[in-house]
Amino acid sequence: MHRDHEAPPDIEDAEFDGWAEERLGDVEYDTELGKEMGRDAIRLARGELTEEEFHEKYHEQVKDEFGVDDRPTRPEGFDDE
């Protein structure tokens, strides 16, 4: 996995996909899910998305991809099926 300390391109820029794919290209997991979650993680950090919205948006996809959703970001009181 490519690691650096440079800020990613803006999530609205076409360059973001290439930047993200370069970093996620050698992982065995869903690259598209990683890119979507990365964009929304930035939106979360900007205050454009709440933790609850982020968790709800990706809960099922994370469970499908990894078999479990043990992310420490689960909002307090979120009911897991």
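Definitions and limits used
Residues numbered from 1 in each chain as written. Predicted model: local features only at pLDDT ≥ 70, side-chain atom pairs only at ≥ 80, totals over all residues. Heavy atoms only, no water. Helix = DSSP H or I, 4+ residues; strand = E, 2+ residues; numbered from the N terminus. Buried < 20%, exposed > 50% of the residue type's maximum accessible area, 1.4 Å probe, protein only. Contact = heavy atoms within 4.5 Å. Areas by Shrake-Rupley, 256 points an atom, 1.4 Å probe, with all protein chains shown as cover. Phe/Tyr/Trp six-rings, centres within 6.5 Å; stacked < 30°, edge-to-face > 60°. Polar contact = N/O pair within 3.5 Å; in protein donor to acceptor, adjacent residues only side chain to side chain.

A. Representation of the overall build of the protein chain within the structure. If you tally the helices and strands in the protein chain, you get three helices and zero strands. Each helix (α) and strand (β) of the protein chain, taken in turn from the N terminus, gives the series α-α-α. Taking all 81 residues of the protein chain together, 25% fall into the buried category. Across the protein chain, contacts joining residues at least 24 apart in sequence account for 26% of those joining residues at least 6 apart. When the accessible area of the protein chain is evaluated, it comes to approximately 5,800 Å², of which 46% is carbon and sulfur surface.

B. Representation of the environment of D30 in the model. Following the sequence through the fold, D30 ends up in the loop between α1 (15-24) and α2 (31-46). Under the relative-accessibility criterion, D30 is labelled partly exposed at 37%. In this structure the C-alpha to C-alpha distance between D30 and V62, which are 32 residues apart in sequence, comes to 10.0 Å.

C. Inspection of the packing of aromatic side chains at higher detail. For the structure on display, the rule yields three aromatic pairs. Ring geometry for F16 versus W19: centroids 5.7 Å apart, planes at 35°, classification tilted. Of this pair, F16 and W19 both sit in helix α1, three residues apart, which is roughly one turn of that helix. Centroid distance Y29 to F66: 4.7 Å. Interplanar angle 50°. Geometry classified as tilted. A residue pair is termed long-range when its members are at least 10 positions apart, and Y29 in the loop between α1 and α2 and F66 in helix α3 (residues 51-66) qualify at 37 residues.

D. Structural view of the side chain of R39. Here R39 shows up in helix α2. Take R39: its relative accessible area is 18%, and that puts it in the buried class. Among the polar contacts listed, one links the side chain of R39 to the side chain of D17, at a separation of 2.4 Å. Excluding residues within four positions of it along the chain, R39 makes contact with I11, F16 and D17.

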